[in-house]
Amino acid sequence: MDRDTLEAVIRTFREFARKELTREKCLELDARDEYPADLVSRMMGEDLGFHLVFLPEEYGGLGGSAYDVYRVCMAMAEVDLGIATAFFATSLGTDPLRVGGTVEQKSRWMSRIAGEGLVLAYGVTEPSAGSEVSAIRTTARRITNGSGKVTGYVLNGTKQFITNGGVAALYTILAKTPDGPSFFVVERGTPGLGAGRAEEKLGIRASNTTQVVLEDVEVPVDHLVGGVEGQGLIHAQWVFGYTRLMVAAFGLGAGSQAIRMARDYAKERVQYGSPLAAKQGYTHALLVPHAVALEASRAFVEEVARRLDSGEEGLGTEGAIAKLVSTEAGNAAADGAIQAHGGYGYIREYMVEKIRRDVRITTIYEGTSEIMRNTIAMDRWRASIQSRFAFYEDLAAAMDALHSSDPGVGASVVALAARMLNEVLRFARETRLTRKQYVLFLLGEMMAGVETGACLARRAAEIRAAGEKVDGLFFVIDSEAAGALARAWARRVSWEAIARASYCVAGTGSQGSDALGSVRSSLGLDGCFDSSVGAEADLDLVASRLTQ
Ligand SMILES: Cc1cc2nc3c(=O)[nH]c(=O)nc-3n(C[C@H](O)[C@H](O)[C@H](O)COP(=O)(O)OP(=O)(O)OC[C@H]3O[C@@H](n4cnc5c(N)ncnc54)[C@H](O)[C@@H]3O)c2cc1C
């Protein structure tokens, strides 16, 4: 999509939401635990067709890029994460076809999804197979004719927590064939296919979530996605590349909306003779850290989206980092927004309470934060070992070079954190520390911090070099603000790196005090301490831009 088309889609969505998805309407759907079938079908109808963004052009879609999809997902999440999730599930349900379907399958079903606005459901999770997808028990038994040719399959099993489970027209179901897990397309109304009752959920209550039960569900052989058995887990893995970015966009959209509401509230609410927005202990604790974390996450999501759109492959780890940082930042921001509203934050009418409940799901579905930490740590551990620890040293060297050309974007602080991480990785190798899963998770967090820190520093340097002013999530970002945001994030990354490195090295009892002393001196703790110079001024600047 060209930039004008993308902006037109987002503008149209916002106009539609202003009329049809008002704050009252969203609160009402939430209170009634109601999936708005009529609204969703209008959103997928001829006039609006928002689902077309997620579909390729050759099958009647708009062929949205990863960047386009992220922007639209974020705009939807700003309004209602339940409705955004219902849309997302249709996109997710289409993905096995998109990445693995034959040409005939794509043109048969994707054209219908585009033209008829079909709602889809993606059926992977099962009662005993959540994070561990390969543990699925649903089976697909071959049906053969007299000459032994496979003519179809019989599916049996139960799928758990399926979004759109009770309302979909088409289901993509992962089931075990004799040659391994495979996706199947199952049409609504196929005998033996049924949905359980809608789950009562903490949040995203405008989305429909049910069990999907398959009892001797017979499908023709051409419903096997890709026409070859055993490709399902590969398809599911490919799907993650895009979908994790979409959930990252949900965290960003919901979290940033909560902070915008808190900021507006803080400007009006007067206590002790001045607006809350004028109080440093309020802004620097409840607003600024979230604004900084969300901007850092957004820069990373945009960088990954652009790399995906340029055809780069193998960005699964980056997708996991994007999801981890954005959804954790979105959750923390929504929580901060409740505190920032005081007692009113706890009251439904003020909306941040609903956002808090809604955004909670983003660290759970499409891979939990724990699974993200594990994925990041394992992938980068491998990259570090294979490169003889050059992976993060190269990143640190690139940050040193950036610091030489622009000393105002926190690049030297990111370099310090990257080298600290590398020292812990070396230490972990010597002491076989990665056998401890919690250490691995802490390493995953350090890696995510360092990589987002590097990304935000690069982005800030670009903005400053071009003398640009760009739209941020909360205010227009100019040279000065870009530098303050990047430096603030780099410091947080390095402070958190110290805490995690200390646990890994000193806290695990892996070494005697002499060895600890030598590791301690190589961690660069003093440099991180020194980098705190200017911290308050940067938070002050972000606070003043945020609340101006
Ligand atoms: C509202 C909602 C909508 C959903 N929509 C869909 C959908 O449309 N389609 C679909 O297929 N699925 C869907 N899901 C399922 C979702 O993806 C799973 O809930 C999620 O992957 C986690 O699986 P689980 O719930 O079985 O938790 P588990 O995997 O049992 O995890 C429980 C806890 O243990 C942690 N954990 C798991 N493994 C490890 C490990 N190795 N080491 C350390 N900690 C670990 C997890 O991080 C989590 O904190 C949905 C879920 C919900 C709640």
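In this text the structure is predicted, and so the values were computed from the model without any measurement. (Residues numbered from 1 in each chain as written. Predicted model: local features only at pLDDT ≥ 70, side-chain atom pairs only at ≥ 80, totals over all residues. Heavy atoms only, no water.)

Let's shift gears to the nonpolar core. Core analysis: the largest hydrophobic core is formed by 191 residues, its most contacted members being Leu155, Met399 and Val450. When near neighbours in sequence (up to four residues on either side) are disregarded, valine 450 contacts Tyr392, Leu395, Val414, Ala417, Ala418, Leu421 and Val493. (Core = buried A, V, L, I, M, F, W, Y, C linked by side-chain atoms within 4.5 Å. Buried < 20%, exposed > 50% of the residue type's maximum accessible area, 1.4 Å probe, protein only. Contact = heavy atoms within 4.5 Å.)

Attention shifts here to the site of the ligand. Inspection of the region around the ligand gives 20 residues, with Tyr122, Thr125, Ser131, Thr368 and Glu370 positioned closest. One nitrogen or oxygen atom from the main chain of valine 124 is found 3.0 Å from an oxygen atom belonging to the ligand. Glutamine 437 is positioned with one of its side-chain polar atoms (N or O) 2.8 Å from a nitrogen atom of the ligand. Secondary structure elements with two or more residues in the shell around the ligand: β3 (150-163), α11 (369-386) and α14 (437-466). Counting residues per element, the shell around the ligand draws most heavily on β3, which supplies 3 residues. (Near = heavy atom within 4 Å. Polar contact = N/O pair within 3.5 Å; in protein donor to acceptor, adjacent residues only side chain to side chain. Helix = DSSP H or I, 4+ residues; strand = E, 2+ residues; numbered from the N terminus.)

Relative orientation of the contacting elements helix α12 (residues 390-405) and α14 amounts to 25°, with a least axis distance of 11 Å. Put simply, α12 runs roughly parallel to α14. Considering only the axes of α12 and α14, their crossing is left-handed. Where α12 abuts α14, its residues Phe391, Tyr392, Leu395, Met399 and Leu402 lie against Met447, Val450, Glu451, Ala454, Ala457, Arg458 and Ala461. (Axes fitted to C-alpha atoms, helices over the stretch in contact; angles between N-to-C directions. Parallel < 35°, antiparallel > 145°, perpendicular 65-115°, else oblique. Left-handed = near helix turned anticlockwise from the far one by under 90°.)

Let us now look at the packing of aromatic side chains. Counting across every chain of the model gives 12 aromatic pairs. Aromatic rings pair up to connect Phe13, Phe16 and Phe50 into one cluster. When the ring centre of tyrosine 242 is taken as reference, the NZ or CZ atom of arginine 98 above it lies at 4.8 Å. Over the face of the ring belonging to phenylalanine 240 we find arginine 244, whose NZ or CZ atom lies 3.8 Å from the ring centre. (Phe/Tyr/Trp six-rings, centres within 6.5 Å; stacked < 30°, edge-to-face > 60°. Lys NZ or Arg CZ within 6 Å of the ring centre and 35° of its normal.)

This structure, assessed with the given rule, holds 44 salt bridges. Note that glutamate 445 and arginine 500 form a salt bridge whose closest N and O atoms lie 3.0 Å from each other. With a gap of 55 residues between them, glutamate 445 in helix α14 and arginine 500 in helix α15 (residues 479-506) connect regions that are remote in the sequence. Of the two residues, glutamate 445 and arginine 500, neither departs from the other in class, the shared state being buried. Here aspartate 478 ties to arginine 545 by a salt bridge, and the two come within 3.0 Å at their closest N and O atoms. Of this pair, aspartate 478 sits in the loop between β11 (476-477) and α15 while arginine 545 sits in helix α18 (residues 535-547), and the two are 67 residues apart along the sequence. Here aspartate 478 matches arginine 545 in class, with each residue buried. (Salt bridge = Lys/Arg side-chain N within 4 Å of Asp/Glu carboxyl O.)

Looking at where serine 369 falls in the secondary structure, it is placed in helix α11. What serine 369 contacts, discounting residues up to four positions off in sequence, is Leu324, Thr327, Glu328 and Thr363.

What follows deals with the pairing of strand β5 (residues 180-187). For β5, the buried fraction is high: 7 of the 8 residues fall into the buried class. Pairing analysis gives 8 bridges linking strand β4 (residues 170-177) to β5, with the strands arranged antiparallel. The residue bridging leucine 170 from the neighbouring strand is glutamate 187, located in β5. Adjacent in sequence and paired antiparallel, β4 and β5 are bridged by 2 residues. (Pairing = 2+ DSSP bridges.)

In this section: α14. Along its 30 residues, α14 runs 44 Å from first to last C-alpha, staying within 8% of the 44 Å computed at 1.5 Å per residue. For α14, a buried count of 22 out of 30 residues is recorded, marking the element as mostly surrounded by other parts of the structure. Glycine 467 sits one or two residues past α14 and shows a positive phi near 60°. (Expected span 1.5 Å × (residues − 1).)

A few words on the pairing of strand β1 (residues 120-123). Alternating positions in β1 separate into two faces, Leu120 and Tyr122 on one and Ala121 and Gly123 on the other, with burial throughout. Bridge analysis of β1 against β4 gives 4 bridges, and the strand direction is parallel. Bridging across to β4, tyrosine 122 finds its partner in threonine 172.

Bringing unusual backbone geometry into the picture now. For tyrosine 272, which is not a glycine, the phi torsion comes out positive at approximately 50°. Examined against the element boundaries, tyrosine 272 turns out to sit in the loop between β8 (270-271) and β9 (274-275). Positioned with a positive phi, methionine 351 is a non-glycine residue whose angle comes to about 75°. Counting through the fold element by element, methionine 351 comes out in the loop between α9 (316-340) and α10 (352-359). A residue is classified by how much of its surface remains accessible, and methionine 351, at 5% relative accessible area, is buried.

The next subject is α12. Residues that lie three or four places apart on an α-helix share one face, since the helix turns once every 3.6 residues. Taking 1.5 Å as the rise per residue, α12 with 16 residues should run 22 Å; its terminal C-alpha atoms sit 22 Å apart, in good agreement. Listed in full, the buried residues belonging to α12 are Tyr392, Leu395, Ala396, Met399 and Leu402. Along the axis of α12, the buried positions cluster into a sector of 115°, meaning they face one direction only. Residues of α12 that are exposed and point over 90 degrees away from its buried face: Ser404 and Ser405. Elements that come into contact with the buried residues of α12 comprise α11, α13 (411-431) and α14. (Arc of directions from axis to C-beta.)

The next subject is the packing of α15 against α18. Put simply, α15 and α18 touch, their axes get as near as 9 Å, and they point 130° apart. Comparing the axis directions of α15 and α18 gives the class oblique. For the pair α15 and α18, the sense of crossing is left-handed. Contacts from Glu480, Ala481, Ala484, Leu485, Arg487, Ala488, Arg491 and Trp495 of α15 reach α18 at Ala535, Asp538, Leu539, Leu541, Val542 and Arg545. A class-by-class count of the residues in the contact of α15 with α18 yields 9 nonpolar, no polar and 5 charged. (Nonpolar A, V, L, I, M, F, W, Y, C, P; charged D, E, K, R; others polar.)

So, on to the state of the cysteines. Within the structure shown, the criterion is met by 0 disulfides. Residue cysteine 528 stays outside any disulfide, its sulfur separated by 14 Å from that of cysteine 504, the closest cysteine. Here cysteine 528 falls in the buried class, since its relative accessible area comes to 0%. (Disulfide = S-S within 2.5 Å.)

Moving on, we get to the environment of arginine 260. Along the chain, the position of arginine 260 falls in helix α7 (residues 232-268). It is 9.1 Å that separates the C-alpha atoms of arginine 260 and leucine 287, two residues lying 27 residues apart in sequence. The contact partners of arginine 260, leaving out residues within four places of it in the chain, are Glu78, Gly253, Leu473 and Phe474. One polar contact links arginine 260 to glutamine 257, side chain to side chain, over a distance of 3.1 Å.

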